[in-house]
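Single-letter residue listing:
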Amino acid sequence: MQRLNTLLPVLAAGIALVTDWAIPDSSLHPAANRPYFLLVMAVALALTAVLFLAGFAAPAFQKKYSGKAPFYTGILLFLCVLNILTAKTATLPVLYFPSLDRVFGVLVEDAAFLGKCLLYSLRLQVTGWVSGAVAGVLTGIAIGFSKGARYWIYPLVRVLGPIPSTAWIPLAMISFPTVVSASAFLIALAVWFPTSVLTASGISSIPNAYFEAAATLGASNRYALWKVGIPAAMPHMFLGLFNGTTASFITLVTAEMMGAKYGIGWYVNWQKDMMAYANVYAGLIVMSVICYCIITLLFRARDHVLVWQKGVIKW
């Protein structure tokens, strides 16, 4: 069964390759400079074949890869069907659903400009995310451990936090000297609220027995805060950071429409106005890959920091 699973992506890539080669393109779609979909499927066929053969030499790898192979098969078949509905038959509206040859072509031919926009977006994203994460964790810790902070700050968090960060655009535009600083503030605001609330929630859910045991062993209040309270609340902190990261990407796209000259969000909006939907989809692909990479890094950081809680919480 495992060997059959690992063979499925090879068959799917082969089907996509043969289908693209055998069925002529529709005349309704503008021709791409190169057959990029065919090249991508050829690379996918070679890669999946190598992974299939590697399973014979490494049974442990085959067992691990066989669990993911049906998912990869589904992706390849989806691309094959999409290619048929667009480039081959023009079943979907040509203007809004360009061929995959053109979408992949934008990723290759416009890579330099996309990279420049990506660096601009990453500068905003990293600046705003780090600021919002630090502020959110500190706010959550203050609310969770200080009665005074809970009395004065928590009501403000509950009132101001649910307001979408994009609703603060008019105020941000007149409060900050540059578009970059205003955009970073909006992204930080999007990360701050879920991180604050979930950090405070994690602290409030810590059993009192933890602190009582620490006090019995002679721990001071400060020691109990840093060595008991904060570590126990970290699963909730990371959950807040995950939610804040997703919200920050939504805010990033909107923030880059305030007058930015570069950025992935600006690029997608600009190409949409130009009715260049192949470029729009290419920008969305880049954005999704970056978001996936950031979330993956956060999961790796969580697994490393919370390795002592493995088996206690659900991973």
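Residues numbered from 1 in each chain as written. Predicted model: local features only at pLDDT ≥ 70, side-chain atom pairs only at ≥ 80, totals over all residues. Heavy atoms only, no water.

This part covers the packing of aromatic side chains. Within the structure shown, the criterion is met by 15 aromatic pairs. The interplanar angle of 65° and the centroid separation of 6.1 Å between the aromatic rings of Phe113 and Tyr262 together place this pair among those described as edge-to-face. Taken together, the residues span a long stretch of sequence, with Phe113 in helix α5 (residues 111-145) and Tyr262 in the loop between α11 (221-255) and α12 (264-273) at a distance of 149 residues. Phe113 gets classed as partly exposed once you look at its relative accessible area, which sits at 25%. On the basis of relative accessible area, Tyr262 is assigned to the partly exposed category, the value being 29%. Taken together, the aromatic side chains of Phe113, Tyr262, Trp266, Tyr267 and Trp270 make up a single cluster linked through ring pairs. (Phe/Tyr/Trp six-rings, centres within 6.5 Å; stacked < 30°, edge-to-face > 60°. Helix = DSSP H or I, 4+ residues; strand = E, 2+ residues; numbered from the N terminus. Buried < 20%, exposed > 50% of the residue type's maximum accessible area, 1.4 Å probe, protein only.)

Moving on: the nonpolar core. If you look at the biggest cluster of nonpolar residues, it comprises 20 residues, and the most contacted ones within it are Val106, Leu114, Ile264 and Tyr267. Among the secondary structure elements, those contributing two or more residues to this core are α4 (100-109), α5, α11, α12 and α13 (277-305). Among the elements that take part in this core, α13 stands out by supplying seven residues, more than any other. Ignoring anything within four residues of it in the chain, the contact list for Ile264 reads Leu114, Cys117, Leu118, Ser121, Glu256, Gly283, Val286 and Met287. Counting residues in each nonpolar core, the second largest holds 13 residues, with Ala12, Tyr36, Leu79 and Cys80 among its members. (Core = buried A, V, L, I, M, F, W, Y, C linked by side-chain atoms within 4.5 Å. Contact = heavy atoms within 4.5 Å.)

What you tend to see is this: most non-glycine residues have negative phi, and most peptide bonds are trans. In this model, Ala90 sits at a positive phi of 55°, which is unusual for a non-glycine residue. Structurally, Ala90 is set in the loop between α3 (59-88) and α4. A positive phi angle, near 60°, is found at Met275, a position not held by glycine. By the secondary structure assignment, Met275 is in the loop between α12 and α13. Exposure remark for Met275: the relative accessible area of 39% places this residue in the partly exposed category.

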